[in-house]
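Notes for the structure review
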Amino acid sequence: MTSTRSNGAWRNSIFGIFFLCGFAFATWVARLPAVRVQLDLSTSDVGILLFSLAIGSIGGLAFAPGILTRLGIRRGISWGLLSLGAVLGVLGLVTELLGSTVGAMTVLVIYGFVFSATDVMMNVDGAAVERALGKTVLPLMHAFFSFGTIIGAVMGAAAASYQIDVLWNFTIVGVLIMVLGIYFARNVSGLEPPATEGMEPDLPADSWWKRFSGIFHDGHLMLIGLMVAGLAFAEGTANDWLTIASVDDHGFSEANGALVFGAFVAAMTIGRIFGGPLIDRMGHKRVLVAMGLLGLAGIALFILAQAPWAVFAGAVLWGLGGSLGFPVGMSVAAAHPTDGPRRVGIVAVFGYSSMLVGPPVLGFLGEHFGVLRAFILVAAVLLLTLLITPKATGGQTKRSLPERID
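A few points on the structure.

Reading the values: the criteria
Residues numbered from 1 in each chain as written. Predicted model: local features only at pLDDT ≥ 70, side-chain atom pairs only at ≥ 80, totals over all residues. Heavy atoms only, no water. Axes fitted to C-alpha atoms, helices over the stretch in contact; angles between N-to-C directions. Helix = DSSP H or I, 4+ residues; strand = E, 2+ residues; numbered from the N terminus. Parallel < 35°, antiparallel > 145°, perpendicular 65-115°, else oblique. Contact = heavy atoms within 4.5 Å. Phe/Tyr/Trp six-rings, centres within 6.5 Å; stacked < 30°, edge-to-face > 60°. Buried < 20%, exposed > 50% of the residue type's maximum accessible area, 1.4 Å probe, protein only. Left-handed = near helix turned anticlockwise from the far one by under 90°. Expected span 1.5 Å × (residues − 1). Polar contact = N/O pair within 3.5 Å; in protein donor to acceptor, adjacent residues only side chain to side chain. Core = buried A, V, L, I, M, F, W, Y, C linked by side-chain atoms within 4.5 Å. 1 Å grid on protein atoms, 1.4 Å probe; cavity = no way out; pocket = protein on both sides within 12 Å on 5 of 7 lines; lining within 4 Å. Points joined across faces, edges and corners; volume = space filled by probe spheres on them. Nonpolar A, V, L, I, M, F, W, Y, C, P; charged D, E, K, R; others polar. Salt bridge = Lys/Arg side-chain N within 4 Å of Asp/Glu carboxyl O.

Attention shifts here to the packing of helix α2 (residues 32–39) against helix α8 (residues 219–248). The geometry of α2 relative to α8 is characterised by a closest axis approach of 9 Å and an angle of 70° between their N-to-C directions. When the interaxial angle is binned, α2 and α8 end up roughly perpendicular. Contacts between α2 and α8 involve L32, P33 and R36 from the former and D240, T243, I244 and D248 from the latter.

Encoded structure:
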């Protein structure tokens, strides 16, 4: 059994890793308008570019359990963060110096693979930390992801404002991720390897897929997955299209568009900071439904906004509405006494698949109807998600916590 001190170091290392992944992601998103100009892309072309990211990411989701089993959490996350930083630098190179759309698509496939595999592993270990500490901390871990996106968005806005090349922006951030990644990965999993708890490393590779298919016989887990998929769809489309919609449809500059995205992720961060204690007091169902209603209001306001303040207000409400879906889904899935890691991995597949496939779909719709009108689909998906949320969360009024480790 790990000590309190070990649990603290383990938790803090996961906080740092979530931060770095958010930092890397927001750096790419904040400079997406510059990448579009550099590669001379249409709205539909941007959708294709994002689809390349989605293809790689889904591959990472598929292979994450095998990577986890063969390398373990510590080595898997270490290699993931090193690769993530290196690939981000290469993305800047092919965009700025080569101006190659095909090259950017190829690199984004690799980037997506590394990012999603690392993200699944850190969520699996984060769920294990939550069980060890005996309280809801996954929303706070995701808040650190949002901290990273805030810093990435602000730095991206500053880089755009000072006309710093994408190459230099991506390379500097990539080096920071590699260096800090090595530092944070030291204490991953504490003194025990909880990410492999309940898993059989010696099973053949296809055994995980056999176990994954069991979701079709587990109605509750399926509902959790669909709930997370719907909420992740709302989050993912905002991540990739909020900046462009602010620039193209609301007439913002590139720098101010990045600040709208910054307002969105700042709101997500606030929701995740206070979400854990709120859930422990009020329960998953009430909190998620209330947040989802705020998100619906935010999407509607962003679509209809005429004044700049209303655009920012819509982004803030949208961010609050999407702040808890993914981490709470992970927390509910991880509550199983013996099968937590597998269930977390399955819910992650639902969430990340939706988060990554959604933006390309919005790109194709945006090409024909405009991005703001395409956001109506996001509102519809969020409304359907709210209808299944009470059953997905099991109707709990308070979270059942394991025994705290002192």
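Back to the write-up after that little detour.
This part covers the packing of aromatic side chains. One pass over the full model with this rule turns up 14 aromatic pairs. Residues Y111 and F115 carry aromatic rings whose centres are separated by 6.3 Å and whose planes lie at 15° to one another, so their mutual orientation is stacked. Taken together, the residues span about one helical turn, with Y111 and F115 both in helix α4 (residues 101–133) at a distance of four residues. When sorted by exposure, Y111 lands in the same class as F115, which is buried. In textbook terms, an aromatic cluster arises when at least three aromatic residues are bridged by ring pairs, as seen for F261, F264, F302, W318 and F375.

Direction vectors running N to C along helix α10 (residues 284–304) and helix α14 (residues 371–392) enclose 165°, while the axes themselves pass 10 Å from each other. Classified by the angle between their axes, α10 and α14 sit roughly antiparallel to one another. The two elements α10 and α14 meet at a crossing, and its hand is left-handed. Where α10 approaches α14, its residues K285, L288, V289, G292, L293, G295, L296, I299, F302 and I303 are matched on the opposing element by L372, F375, I376, V378, A379, L382, L383, L386, T389 and P390.

For α4, built from 33 residues, the straight-helix expectation of 48 Å at 1.5 Å per residue is met to within 8% by its first-to-last C-alpha distance of 46 Å. Of all 33 residues in α4, 25 are buried; the element is thus mostly enclosed. The N-capping residue of α4, defined by a side-chain oxygen 2.8 Å from the backbone nitrogen of G103, is S100. G134, located one to two residues past α4, shows a positive phi value of around 75°.

The subject of this paragraph is the nonpolar core. In terms of nonpolar packing, the biggest core is built from 116 residues, with W28, L91, F264, F302, W318 and F375 touching the most fellow members. The dominant element in this core, judged by the number of residues it contributes, is α4, at 16 residues. In this structure F375 touches T237, W241, A245, I299, F302, I303, W318 and L362, once residues within four positions along its chain are discounted.

All right, on to empty space enclosed by the protein then. Counting across every chain of the model gives four cavities of 30 Å³ or more. Size it by volume and the largest cavity reaches roughly 170 Å³. For the largest cavity, the lining is made up of 18 residues, of which D119, F145, E235, Y352 and M355 are closest to its centre. If you list the elements that add at least two residues to the lining of the largest cavity, you get α1 (4–30), α4, α5 (138–161), α8 and α13 (340–369). Each residue belonging to the lining of the largest cavity can be placed in one class, and the counts come to nine nonpolar, five polar and four charged.

By the secondary structure assignment, R272 is in helix α9 (residues 254–282). Among the polar contacts listed, one links the side chain of R272 to the side chain of E235, at a separation of 3.4 Å. With residues near it in sequence (within four places) discarded, R272 still touches P139, L140, H142, A143, F145, S146, E235, G322, S323, L324 and P327.

What follows covers the pattern of salt bridges. Throughout the structure, instances matching the rule amount to two salt bridges. In this structure, the salt-bridge partner of R36 is D248, at a minimum N-O distance of 2.8 Å. Remark: D248 occurs in helix α8 and R36 occurs in helix α2; sequence separation between them is 212 residues. The shortest N-O distance in the salt bridge between R272 and E235 comes to 3.4 Å. Of this pair, R272 sits in helix α9 while E235 sits in helix α8, placing them 37 residues apart in sequence.

Another aspect to go through is the side chain of T149. Within the fold, T149 resides in helix α5. According to the relative accessible area criterion, T149 is buried, its value standing at 3%.

Here we take up the environment of S146. Residue placement: S146 occurs in helix α5. On the basis of relative accessible area, S146 is assigned to the buried category, the value being 2%. S146 sits 127 residues away from I273 along the chain, and the two C-alpha atoms are 9.9 Å apart. S146 has contacts with V265, M268, T269 and R272, leaving out every residue within four places of it along the chain.

Looking now at the environment of F113. Structurally, the position occupied by F113 is in helix α4. Separated by 56 residues in the primary sequence, F113 and S57 place their C-alpha atoms 4.4 Å from one another.

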